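Survey of secondary and tertiary structure
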Amino acid sequence: MRSTDALSRLQIRPQRPRRNDVMVALIVLLLNSGTYLIPGIVPWGPWRYMMETATIVPLLWRESLPVPSALTTGALTLIVTATVHPAQPFPYAVLVTQYTIGAVLRGRTRAFLVGVFMAGNVVAEALHQQWGNPEDFLVTFTLSLTALFLGVLMQSERDSLSVRGDRALRAERARIARDMHDVVGHAVALMVVQAEAGPLLVRDKPERAEAAFEAISTAGRDAMAQLRGLLGTLSQDAAGGREPLPTLADLDELVHRVRKAGLHVRLEQTGDAAPLSPGAETAAYRVVQEALTNTLKHARASRAEVRLSWVPSALEITVADNGRGVSEGTADGGGGHGLTGLRERLAPVGGALSWTSPPDTGGFALTAVIPAGQ
């Protein structure tokens with residue numbers, strides 16, 4: 001019983017032709033058959049037709065088994081060339097095979113088969129005794145090289161699309177990573193500030209302790225909700241709806257949470273609002289969120305001001321605090337995710353980021369400019 005199972009596993013099942021290959025083979029068969037309908041091109045004969053059809057059969061496996069298909073087509077075509085006169089005006093099966101060599105194969109395998117088919121062209125011309133007719137010889141080689149070139153061009157286009165797809169995938173992963181950094185960093189900063197102040201409030205101001213714990217709970221629930229929305233974008237089979245990405249309309253709630261953490265924040269908006277794309281709206285929200293998070297974590301500030309200034313064709317966002325300030329060279333904290341991450345986030349929507357920390361007045365001010373209509 002075991003030996004029978006082993007033998008059954010060793011059996012090689014014939015590979016079924018792909019649908020595209022079947023369609024190509026049928027088109028070549030129609031083209032080949034159509035020449036018999038034109039008087040004076042090639043004489044009809046059942047043996048001739050069967051042999052020419054045999055050269056088309058390997059095209060059924062031209063992509064799944066390209067090398068055997070190409071060699072079989074080439075060998076059968078030479079046999080037909082040696083036995084049938086006059087031949088078809090165009091070697092349709094060979095041209096399709098040469099296109100496939102350029103489109104599917106690579107490296108030494110492709111170079112070897114190109115050499116084999118170029119040599120086959122010379123043999124075919126010798127069998128037809130066309131050495132005294134260089135025009136036919138030139139046409140044959142031109143058609144072969146054109147088919148190969150088109151195949152190579154198609155392969156290059158597929159490679160280019162694959163590279164662009166990989167870049168888009170990496171950019172999307174980087175965007176999701178920045179979103180997760182912003183969400184988690186903001187929530188953790190709020191919870192840490194409240195947790196550090198909790199023991200003091202319990203002893204000195206117990207009536208405010210409950211509000212501190214409520215702020216911790218709210219920050220945690222909000223972070224979990226946003227993380228579910230982000231992780232939902234990674235799943236193709238997510239059954240439920242996704243949480244919407246934050247926009248400028250969510251800034252009031254963000255400022256409210258930060259105020260609960262003990263930082264006095266003033267939100268001001270001037271000018272006539274212009275439409276922003278969803279990506280630009282999310283980027284604007286993340287700028288304010290990251291700036292307030294850094295203020296809570298590092299600035300030792302007591303107040304901050306968020307200004308949204310709508311200028312012609314752009315939104316200018318300024319977040320300033322009265323903290324200890326920091327030099328521009330260390331503004332990112334060396335972590336590579338703060339201001340550097342914001343610059344990377346703003347780049348796809350055409351935004352720019354700058355910051356300053358005046359040595360005379362102290363504090364830290366961050367400014368982002370996002371073009372409207374992005």
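A brief report on the enclosed structure follows. (Residues numbered from 1 in each chain as written. Predicted model: local features only at pLDDT ≥ 70, side-chain atom pairs only at ≥ 80, totals over all residues. Heavy atoms only, no water.)

1. Quick notes on the overall build of the chain
- For the chain, the count of helices and strands is eleven helices and five strands.
- Within the chain, the proportion of its 374 residues that are buried is 37%.
- In the chain, of all internal contacts separated by at least 6 residues, the share reaching a separation of at least 24 is 69%.
- With the model as given, the accessible surface of the chain reaches about 21600 Å², and the carbon-plus-sulfur share is 61%. (Helix = DSSP H or I, 4+ residues; strand = E, 2+ residues; numbered from the N terminus. Buried < 20%, exposed > 50% of the residue type's maximum accessible area, 1.4 Å probe, protein only. Contact = heavy atoms within 4.5 Å. Areas by Shrake-Rupley, 256 points an atom, 1.4 Å probe, with all protein chains shown as cover.)

2. Concerning the nonpolar core
- Core analysis: the biggest nonpolar cluster contains 38 residues, and V258, V288, L292, L315, I317, L353 and I370 have the highest contact counts within it.
- Elements with a minimum of two residues in this core: α9 (251–260), α10 (278–299), β2 (303–311), β3 (314–321), α11 (339–346), β4 (352–356) and β5 (364–371).
- Sort the elements by how many residues they give to this core and α10 lands first, with nine residues.
- Counting nine residues, the second largest nonpolar core, distinct from the first, contains I101, L113, M118 and L148. (Core = buried A, V, L, I, M, F, W, Y, C linked by side-chain atoms within 4.5 Å.)

3. Some remarks on a nonpolar patch on the surface
- A cluster of nonpolar side chains, namely L37, I38 and I41, defines an oily patch on the protein surface of about 310 Å² accessible area.
- For I41, a relative accessible area of 35% translates into the label partly exposed. (Patch = residues over 30% accessible without salt bridge, like charges linked within 9 Å, V, L, I, M, F, W, Y side chains within 5 Å. Salt bridge = Lys/Arg side-chain N within 4 Å of Asp/Glu carboxyl O.)

4. Re α11
- Along α11, the residues that are buried comprise L339, G341, L342, R345 and L346. Down the axis of α11, the sector holding all buried residues measures 155°, keeping them to one side. (Arc of directions from axis to C-beta.)

5. Looking at the packing of aromatic side chains
- Within the structure shown, the criterion is met by one aromatic pair.
- When the ring of Y36 is compared with that of Y49, the centres are 5.9 Å apart and the planes differ by 70°; the resulting orientation is edge-to-face. You can see Y36 sitting in the loop between α2 (19–34) and α3 (46–56) and its partner Y49 sitting in helix α3, a full 13 residues away along the chain.
- Classification of Y36 by relative accessible area gives buried; the value is 14%.
- Residue Y49 is classed as partly exposed on the basis of its relative accessible area of 24%. (Phe/Tyr/Trp six-rings, centres within 6.5 Å; stacked < 30°, edge-to-face > 60°.)

6. Comments concerning the side chain of N121
- Structurally, the position occupied by N121 is in helix α6 (residues 107–127).
- The exposure class of N121 is buried, given its relative accessible area of 8%.
- Side-chain polar atoms of N121 contact the side chain of S144, separated by 3.0 Å.
- Setting aside residues no more than four positions away along its own chain, N121 makes contact with Q98, T140, F141 and S144. (Polar contact = N/O pair within 3.5 Å; in protein donor to acceptor, adjacent residues only side chain to side chain.)

7. Description of the environment of D250
- Here D250 shows up in the loop between α8 (206–232) and α9.
- Relative accessible area serves as the criterion here: at 33%, D250 is assigned to the partly exposed category.
- Sequence spacing of D250 and T282 is 32 residues, and the spatial spacing of their C-alpha atoms is 9.8 Å.
- Those residues in contact with D250 that sit more than four places away from it in its chain are L245 and Y285.

8. Regarding the pattern of salt bridges
- What the rule picks out here adds up to nine salt bridges.
- Measuring nitrogen to oxygen at the nearest pair gives 3.6 Å for the salt bridge that ties E63 to R62.
- Residue E63 is classed as partly exposed on the basis of its relative accessible area, which comes to 25%.
- Judged by its relative accessible area of 8%, R62 falls in the buried class.
- Here R266 and E268 are joined by a salt bridge, their closest N and O atoms 3.4 Å apart.
- On the accessibility criterion, R266 (41% relative accessible area) is partly exposed.
- The exposure class assigned to E268 is partly exposed, which follows from its relative accessible area of 26%.
- Within this structure, R18, D21, R62 and E63 form a network of salt bridges that share partners.

9. Side note on the sheet that holds β3
- One open sheet accounts for five strands, arranged β1-β2-β3-β5-β4; its pairing is mixed. Looking at the sheet topology across the chains shown, the edges are occupied by β1 (264–270) and β4. With direction set aside, neighbouring strand axes in the sheet form an average angle of 10°.
- Two strands pair when backbone bridges link them, and β1 and β2 are joined in this way by seven bridges, in the parallel orientation. Paired with T270 across the strands is S309, a residue of β2.
- Against the sheet, α9 engages β1 and β2, with an angle of about 160° to β1.
- Packing against the sheet, α11 makes contact with β4 and β5, and its axis sits at approximately 150° to β4. (Pairing = 2+ DSSP bridges. Axes fitted to C-alpha atoms, helices over the stretch in contact; angles between N-to-C directions.)

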